[in-house]
Amino acid sequence: MPVVLDSRKSGFPVRFREFLEERRGFAVGVDDQVAAIIEDVRLRGDDALIELTRKHDRFEATPESIQMNGAEISEVAATVPPGQRSALSAAAERIAAYHKRQIPEDVHWVDEAGAALGWRWTALASVGLYAPGGSASYPSSVLMNAIPAKLAGVDAIAIAAPTPDGKISPLLALAAELSDVQRIYRVGGAQAIAALALGTNTVDRVDKITGPGNAYVTAAKRQLFGTVGIDMIAGPSEVVVIADDNANPTWIAADLLAQAEHDRDAQAVLLTTCSEIADTVEREVKRQLTLLSRASIAAESWNRHGAIMFVRDINEAAELSDRIAPEHLQLCVSDPGVLAEKVRHAGAIFLGEWSPEVIGDYVAGPNHVLPTSGAARFSSGLSVLDFMKRTSMVELSREAFGKIGPPAETLALAEGLSGHGAAVRCRLERWRNAH
């Protein structure tokens, strides 16, 4: 059964803290296994990939068949039915339109000392995009990763995706085609992350890896960070729904289950001011569970990680939501705009009953790769900026150096760095002689 808490009861602060700690402490003991996989790929390269792909995906890969090129991708993509093709194309267009607005501009100015300063943005040279393909395939995740990378101007983009029994999802192939990605590596799991980070004879090493995955993928990204850049350390997906007495309990139940069916470790939480809403939602969840194709997954998620919390008022709901810092936050209240202003920490906020989180998964436009497990307190969702880097620009004239050089020398000497001071002083002496 889901956790049921009431903020009006004396034991609530302790129970709520335990609820948070349980979630943020979530971990699967896979680090040793992942470390062994990484080392195997480091030492044996393609041979390790082939062996692990045979074991986990029942696919007899070869160095030649690990990589799919653009022509092969298009051949598989052509089998997608017209209705699904149209829907995925519409999603791609909306995602591209939203992310185009994120492309930053270079900035340059001359300050009062005469120093020419600024920054410029440049795209990463290469990225690897991980696309899950285990219990479910997510072509929408390909779009969410590949389109911002393309808009950023990344030169080399490759997708790594597990292909159980050697079969790749046609929708995933279509998502790659719509994103103009010409290369898919048919490997998954920690071994795919290791191959992208370290390189093999077949898999080119990349500068950054993005995209969601299971506990093994996440552990591999964490262990290889520094060798390669990563987007974030993502945990299980989650949603918090805040509802007042005007909310539709049937819709809320559907929204909670939509999150729960992601996987057994997903989390769905309801914060409400209305006991009647809470009771009806709980009954509706039980009823709607019987209608889901992934009912066993959703039921386990809801019973192990779900929660219903009664709160005194909407302000308290916002405060508790900030402490959770959820990946997704739905505001099913009469004035969602006002409530949204009270929220500081959330990966994405969905305002009003006609803005379900599910729309954000596919066609709203903003990225659905978002911080989880409380990381929304200090990080943001994936964007074009994740595929770019900012370089500072400094150009000093003789006159500008003469103005700001002296304090630099003073600070260098104060830090005990005489070499730093000398590098400034030799120029200051030339400047002083000229004046």
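Residues numbered from 1 in each chain as written. Predicted model: local features only at pLDDT ≥ 70, side-chain atom pairs only at ≥ 80, totals over all residues. Heavy atoms only, no water.

### Topic: the packing of aromatic side chains
Both the distance between ring centres and the angle between the ring planes are used here to describe each pair of aromatic rings. Overall, the coordinates contain four aromatic pairs when judged by the stated rule. Here W109 and W119 contribute two aromatic rings whose centre-to-centre distance is 5.7 Å and whose plane-to-plane angle is 80°, an arrangement assigned as edge-to-face. On the criterion of sequence distance, the pair formed by W109 in strand β3 (residues 107-110) and W119 in strand β4 (residues 116-123) is long-range, its members being ten residues apart. With relative accessibility at 37%, the residue W109 sits in the partly exposed group. Centroid distance W251 to W354: 5.0 Å. Interplanar angle 70°. Geometry classified as edge-to-face. On the criterion of sequence distance, the pair formed by W251 in helix α10 (residues 249-260) and W354 in the loop between β14 (348-351) and α15 (357-362) is long-range, its members being 103 residues apart. With relative accessibility at 34%, the residue W251 sits in the partly exposed group. An aromatic cluster is defined as three or more aromatic residues linked by ring pairs; in this entry it consists of F12, F16 and F19. (Phe/Tyr/Trp six-rings, centres within 6.5 Å; stacked < 30°, edge-to-face > 60°. Helix = DSSP H or I, 4+ residues; strand = E, 2+ residues; numbered from the N terminus. Buried < 20%, exposed > 50% of the residue type's maximum accessible area, 1.4 Å probe, protein only.)

### Considerations on helix α13 (residues 314-324)
Inspection of α13 places E316, A317, A318, L320, S321, D322 and I324 among the buried residues, and these make up the whole buried set. Two to three positions downstream of the cap, the backbone nitrogen of N315 sits 3.2 Å from a side-chain oxygen, assigning the N-cap of α13 to D313. A positive backbone phi angle near 50° is found at A325, which sits one or two residues after α13. (Polar contact = N/O pair within 3.5 Å; in protein donor to acceptor, adjacent residues only side chain to side chain.)

### Some details on helix α4 (residues 70-77)
For α4, the set of buried residues is G70, I73 and A77. Down the axis, α4 shows its buried residues gathered within 60° of arc, on one side only. Along α4, exposed side chains directed more than 90 degrees from the buried face belong to A71 and E75. In the core, the buried residues of α4 are packed alongside β2 (67-68), α5 (82-100), α7 (170-178) and β7 (184-185). You can read the cap of α4 off the contacts: a side-chain oxygen lies 3.1 Å from the backbone nitrogen of A71, and it is on N69. (Arc of directions from axis to C-beta. Contact = heavy atoms within 4.5 Å.)

### Regarding the side chain of S383
Looking at the secondary structure, you find S383 in the loop between α15 and β15 (388-395). Residue S383 is classed as buried on the basis of its relative accessible area of 11%. Within polar-contact distance, the side chain of S383 engages the backbone nitrogen of L385 at 3.1 Å. Beyond its immediate chain neighbours, meaning those up to four positions away, S383 contacts H99, Q102 and P148.

That's the geometry; what it means functionally is another story.
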